[in-house]
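One-letter residues, chain by chain:
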Amino acid sequence: MMKSLWWYPSKNKQWNLDLSTMTEIFGDFIEPPFTQEYLIIGFSPSSVPLKQRWRNNGLSADFLADYLTTFFPGTAQEPQTFEKQSQIKSAISYVANELLENAMKFNDENSDHPISIRLHLESGRVAFLMTNSIPPQEVDKFKLYIQELTTSDPYEMYIEKLEKNAADENSTSSGLGLLTMINDYEAKIGWKFETIQEEPKVMTVTTMVQLTV
């Protein structure tokens, strides 16, 4: 049986570049082992139009939350266990839904690479890994946002985003999802960019969110 190993990058090391595999890593990203408790859901980006995905995202997020909370049963003798179960379920559902919506919204429309979300339960910690393709021309812009997110005060950045969104009535992207994960759920977030095909170029980004449960 493979032993479980979790590694946490230094706060001073925000990224790592692997030239041999064309992989870039930012933030708190690790490669979790496939432990005994994990779940993977895959989506074909072309099978259902994006606008029809929103309800499915909520259903998928709730399913993941229901699945995970079975490992934290509540008992009538210990009411606090029900409260903990409810808190975990709410956190899992929120994070999964945000990750799914971002992946569907920013997926590369020219790529048929599947979208997937993986949920790992490991020693009091839950890890999400959301993978989708990303348009190559959007990569640098996303990396700049990651740099801002990992070097700024998350609460101040959250307030700034709120004010900016309120001032711009035409804004279609709030940018608050990841910040809410950090501020409200104390999430650790990391990203892995991979070039999986050169001609035509296909890049994927895996967003990892870790929660303590």
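Position labels on residues start from 1 in each chain and follow its written sequence. Note on the predicted model: pLDDT of at least 70 is required for a residue's local features to be given, and 80 or more for side-chain atom pairs to be given and counted; whole-chain, interface and lining totals, by contrast, use all residues. Hydrogens and waters are ignored; side-chain quantities use all the structure's heavy atoms.

(A) Up close: the overall build of the protein. Helix and strand assignments come from DSSP, with helices taken as H or I runs of at least 4 residues and strands as E runs of at least 2, each series counted from the N terminus. Each helix and strand in the protein was counted, giving five helices and seven strands. Listed by position from the N terminus, the elements making up the protein come as β-β-β-α-α-β-β-α-α-α-β-β. Remark: exposure states derive from per-residue accessible area (1.4 Å probe, protein chains only) relative to the maximum for the residue type, with buried under 20%, exposed over 50%, and partly exposed in between. Classification of the 213 residues of the protein by burial places 41% in the buried group. Partitioning the intrachain contacts of the protein with sequence separation of at least 6 by distance along the chain shows that 66% fall at a separation of at least 24. All accessible-area figures derive from a Shrake-Rupley calculation using a 1.4 Å probe, and residue coverage is judged against the displayed protein chains alone. A total accessible area of about 12,500 Å² is found for the protein, and carbon and sulfur atoms account for 51% of it. For this analysis, residues touch if any pair of their heavy atoms sits within 4.5 Å.

(B) Representation of the pairing of strand 3 (residues 38-43) within the structure. Along strand 3, the buried face is formed by Leu39, Ile41 and Phe43; none of Tyr38, Ile40 and Gly42, which line the opposite face, is buried. Strand pairing is defined by DSSP finding a minimum of two bridges between the two strands. Where strand 3 lies against strand 4 (residues 115-122), six bridges are found, and the strand directions are antiparallel. Each residue of the ladder has a partner; that of Tyr38, found in strand 4, is His120.

(C) Region of the structure containing the packing of aromatic side chains. Within 6.5 Å between ring centres, the rings of Phe, Tyr and Trp (the latter by its six-membered ring) count as paired, and their orientation is classed by plane angle as stacked under 30 degrees, edge-to-face over 60, tilted in between. Scanning the model with the defined rule gives four aromatic pairs in all. Relative to Phe71, the ring of Tyr67 lies with its centre 5.6 Å away and its plane at 75°, an arrangement referred to as edge-to-face. A relative accessible area of 22% means that Tyr67 is categorised as partly exposed. An aromatic cluster of at least three residues, connected via ring pairs, comprises Phe26, Phe142 and Phe193. The ring of Phe193 has Lys143 lying over it, and the distance from NZ or CZ to the ring centre is 5.3 Å. We count a charge as sitting over a ring when the NZ of a lysine or the CZ of an arginine lies within 6 Å of the ring centre and within 35 degrees of the ring normal.

(D) Structural detail: helix 4 (residues 154-167). One less than the residue count of a helix, multiplied by 1.5 Å, gives the span that helix is expected to have. The terminal C-alpha atoms of helix 4, which comprises 14 residues, lie 20 Å apart, in line with the 20 Å expected from a rise of 1.5 Å per residue. Between the side-chain oxygen at the start of helix 4 and the backbone nitrogen of Tyr155 there is a gap of 3.0 Å, and the oxygen is on Asp153. Residues adjacent in sequence count toward polar contacts only when both atoms are side-chain atoms; beyond that, a polar contact is any pair of N or O atoms within 3.5 Å, and within protein one must be able to donate a hydrogen and the other to accept it.

(E) Here's a closer look at the packing of helix 4 against helix 5 (residues 177-185). Close contact between helix 4 and helix 5 brings their axes to 10 Å; oriented N to C, the two are set at 135°. When the interaxial angle is binned, helix 4 and helix 5 end up oblique. Handedness of the crossing formed by helix 4 with helix 5: left-handed. Where helix 4 abuts helix 5, its residues Pro154, Tyr155, Met157, Tyr158 and Lys161 lie against Leu179, Thr180, Ile182 and Asn183. Note on definitions: angles span 0 to 180 degrees between N-to-C directions of axes, and those axes are lines fitted to C-alpha atoms, for helices only across the stretch in contact. The cut-offs work like this: below 35 degrees is roughly parallel, past 145 is roughly antiparallel, 65 to 115 is roughly perpendicular, and the gaps in between are oblique. When the near helix sits turned anticlockwise from the far one by under a right angle, the crossing is termed left-handed; a clockwise turn instead gives a right-handed crossing.

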